[in-house]
Amino acid sequence: MNSHENRVAAPLLSFRLNLVLFAVLSVLPLGGCARWDNPVLSVKETSAPQLLGANQINAATRQRILRAVGEDAQERALRDDLKQHPGNVDAAIRLTKELVAQKRPHEALQVLDNVLVVTPDNLRALNAKAVILDIEGRHDAAQELYRQALETNPENQMLHHNLNLSLAFEGKSEQSTLPQSR
């Protein structure tokens, strides 16, 4: 071989060695997927619902998987709506329901606190926050919010009902009653 052929062959040989090394290193990790009793890799796909419903996956992991695969698209849309319209009580309550269903009440309270900064006397937001506080077992704080809302609208049956439930949860015998109409 002359020097010109050496200059062309050396990089070509180096390239081929790198390619072979890359191929070997790519296949080695996949070898861990095969079992000794069944050395062939499975090409059968498992559907997402089957994976998400697997018994060996705990609830917290299942929730992370659901969020990772896009089940939280509605949550993102509601959060985006709240960023654009911070006083949107409808979006805040829908997001709050979703967060509570996912056992994330602290995040739900943050959402409602942000809405209450913009609309501090909104009865629906006050009621929703009080309900979450009751769910968390913080009945005194919840009852304070129910009473605050009742000062604005003393005839609201939902607020009276929720206040009475909160009092019953806490074991108090006092009852909230609607004002008598004349």
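Structure: above.
Residues numbered from 1 in each chain as written. Predicted model: local features only at pLDDT ≥ 70, side-chain atom pairs only at ≥ 80, totals over all residues. Heavy atoms only, no water.

Caption draft 1: Quick peek at the pattern of salt bridges. In the structure shown here, the tally under the stated rule is seven salt bridges. Glutamate 75 is the salt-bridge partner of arginine 104, the closest N and O atoms lying 2.9 Å from each other. Taken together, the residues span a long stretch of sequence, with arginine 104 in the loop between α5 (89–101) and α6 (105–118) and glutamate 75 in helix α4 (residues 73–84) at a distance of 29 residues. The class of arginine 104 is buried, set by a relative accessible area of 11%. A salt bridge links glutamate 107 to arginine 79; its shortest N-O distance comes to 3.2 Å. Within this pair, whereas glutamate 107 is found in helix α6, its partner arginine 79 is found in helix α4, the two being separated by 28 residues in sequence. With relative accessibility at 29%, the residue glutamate 107 sits in the partly exposed group. Of the residues examined, arginine 79 reaches a relative accessible area of 29% and is grouped as partly exposed. Each of Glu75, Arg79, Arg104 and Glu107 takes part in one network of salt bridges that share partners. (Salt bridge = Lys/Arg side-chain N within 4 Å of Asp/Glu carboxyl O. Helix = DSSP H or I, 4+ residues; strand = E, 2+ residues; numbered from the N terminus. Buried < 20%, exposed > 50% of the residue type's maximum accessible area, 1.4 Å probe, protein only.)

Caption draft 2: Representation of α5. Over its 13 residues, α5 extends 18 Å from the first C-alpha to the last, a length consistent with the 18 Å expected when each residue adds 1.5 Å. Along α5, the residues classified as buried are Val89, Ala91, Ala92, Ile93, Leu95, Thr96, Glu98 and Leu99. Elements that come into contact with the buried residues of α5 comprise α4, α6 and α7 (123–135). Of the residues that open α5, the one with a side-chain oxygen 3.2 Å from the backbone nitrogen of aspartate 90 is asparagine 88. Just downstream of α5 lies lysine 103, where phi reads positive at about 60 degrees. (Expected span 1.5 Å × (residues − 1). Contact = heavy atoms within 4.5 Å. Polar contact = N/O pair within 3.5 Å; in protein donor to acceptor, adjacent residues only side chain to side chain.)

That is the geometry; function is a separate question.
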